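Secondary and tertiary structure notes
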Amino acid sequence: MAKTQIEIKDFDLFHEAVKTTSRVVESAKFSISEAGLEVYGARARTARCEIATNAVVSQTPVAFSVESLATFIKLLSTIKEVHDGDFSGLKFFVDMPFLRFESKKFKTKFSTCNEDIISKWVTTKISAKFTPVFEFTSSSDMIKRLNSQAFMFSSAKDMRIYLETKDDMENNAVFATVGNRETDLNNEVTLKFGLVSSGSLVKRNEDGLVSDERRLILDFERLNLFNATQSDSIKFQLMDVNCLVSRTSVAGKNGSFFNFDLYCTVLKS
């Protein structure tokens, strides 16, 4: 494979995209074309992520795999520190089996790996068609607030987050109750988590009585995946299958963007 230069449109956003990826998967395959960068990752049976950004582009399509995203992020963080906001002289090459970053201030080569080595972390773009039945918005701050309640529980990993609307509390709001309803002996705390955009978790009959109700239950591991990137507006969709989807968009410099979609299974209890 010939040495290919990658155009850097927004290094900060590229750095953020890689950091977000690392919070979902340990390793990843990166595909770069003239449309930008795409990453499709899987975290066992828990979640799948799709990341797209035009922060880096290539006129010649290239793909490479990185085994340790944590190491790659440290390298990108060093470049960011050295260049102190001015990346005008920085060049990025894919020169398999290496990635090369070069400038008058910094030069390095970074090893890629064979895709087979990281296959358990790699997936393809989701092609199945889902129908949202309930939509709401939340934020990174709301997720952090829920996490801060872990002090109430001796074993946070056994706790569940029940997302629901409540007739006796604020209208058009989604509330999160942290606890474990398998027993009445656990502590519980209920906090506002977001605002309903459309749909409902509850179906009612002609008399207004509940005839069916979707249960929306997460654990802390799943919850924190949705906070892989910081945002004041995270859009959630509960689908007609056992899947909660979040969609987050981040705007960068000079028309650059970064989209992060997470598809996460929800718990049955």
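Residues numbered from 1 in each chain as written. Predicted model: local features only at pLDDT ≥ 70, side-chain atom pairs only at ≥ 80, totals over all residues. Heavy atoms only, no water.

It is worth spelling out the packing of aromatic side chains at this point. The final tally for this structure, using the stated rule, is 14 aromatic pairs. Aromatic pair phenylalanine 14 and phenylalanine 92: ring centres 5.9 Å apart, planes at 35°, arrangement tilted. Residue phenylalanine 14 is located in helix H1 (residues 11–22), and its partner phenylalanine 92 is located in strand S7 (residues 91–95); the two are separated by 78 residues in the primary sequence. Classification of phenylalanine 14 by relative accessible area gives buried; the value is 1%. Judged by centre distance (6.1 Å) and plane angle (55°), the ring pair of phenylalanine 193 and phenylalanine 236 falls under tilted. In this pair, phenylalanine 193 sits in strand S13 (residues 189–199) while phenylalanine 236 sits in strand S17 (residues 234–239), placing the two residues 43 residues apart along the sequence. Comparing phenylalanine 193 with phenylalanine 236, the two get one shared label, buried. (Phe/Tyr/Trp six-rings, centres within 6.5 Å; stacked < 30°, edge-to-face > 60°. Helix = DSSP H or I, 4+ residues; strand = E, 2+ residues; numbered from the N terminus. Buried < 20%, exposed > 50% of the residue type's maximum accessible area, 1.4 Å probe, protein only.)

Only one face of strand S2 (residues 28–33) is buried, namely the one carrying Ala28, Phe30 and Ile32, since none of Lys29, Ser31 and Ser33 on the opposite face is buried. Bridge analysis of S2 against strand S6 (residues 62–66) gives five bridges, and the strand direction is antiparallel. Along S6, the bridge assignment pairs phenylalanine 30 with phenylalanine 64. Across four bridges, the pairing between S2 and strand S3 (residues 36–43) is antiparallel. Bridge pairing links phenylalanine 30 to valine 39 in S3. Where S2 hands over to S3, the hairpin turn is made up of two residues, counted between the paired strands. (Pairing = 2+ DSSP bridges.)

With that out of the way, let us pick up the side chain of serine 138. Summarising the element assignment, serine 138 is placed in strand S10 (residues 132–138). There is a polar contact of 2.5 Å between the side chain of serine 138 and the backbone oxygen of phenylalanine 193. (Polar contact = N/O pair within 3.5 Å; in protein donor to acceptor, adjacent residues only side chain to side chain.)

Moving on, we come to the environment of valine 178. Within the fold, valine 178 resides in strand S12 (residues 173–179). For valine 178, a relative accessible area of 0% corresponds to the buried category. Measuring from C-alpha to C-alpha, the distance between valine 178 and lysine 80 comes to 38 Å, with 98 residues separating the pair along the chain. Setting aside anything within four residues of it in sequence, one finds valine 178 in contact with Leu146, Phe153, Met159, Arg160, Ile161, Asn187, Glu188, Val189 and Phe220. (Contact = heavy atoms within 4.5 Å.)

All right, on to the packing of H1 against helix H2 (residues 69–83) then. Their axes nearest at 10 Å, the elements H1 and H2 cross at an angle of 160°. In this view, H1 runs roughly antiparallel relative to H2, as classed from their interaxial angle. H2 is crossed by H1, and the crossing has left-handed handedness. Note on element contacts: H2 touches H1 through Leu69, Phe72, Ile73, Leu76, Ser77, Ile79 and Lys80, opposite Phe11, Asp12, Phe14, His15, Val18, Lys19, Thr21 and Ser22. (Axes fitted to C-alpha atoms, helices over the stretch in contact; angles between N-to-C directions. Parallel < 35°, antiparallel > 145°, perpendicular 65-115°, else oblique. Left-handed = near helix turned anticlockwise from the far one by under 90°.)

So, on to a positive patch on the surface. Together, Lys3, Lys91, Lys104 and Lys107 give the surface a local cluster of positive charge. Overall, lysine 3 belongs to the partly exposed group, its relative accessible area being 45%. (Patch = residues over 30% accessible without salt bridge, like charges linked within 9 Å, V, L, I, M, F, W, Y side chains within 5 Å. Areas by Shrake-Rupley, 256 points an atom, 1.4 Å probe, with all protein chains shown as cover. Salt bridge = Lys/Arg side-chain N within 4 Å of Asp/Glu carboxyl O. Lys, Arg positive; Asp, Glu negative; His and termini not counted. Charge placed at Lys NZ, Arg CZ, Asp CG, Glu CD.)

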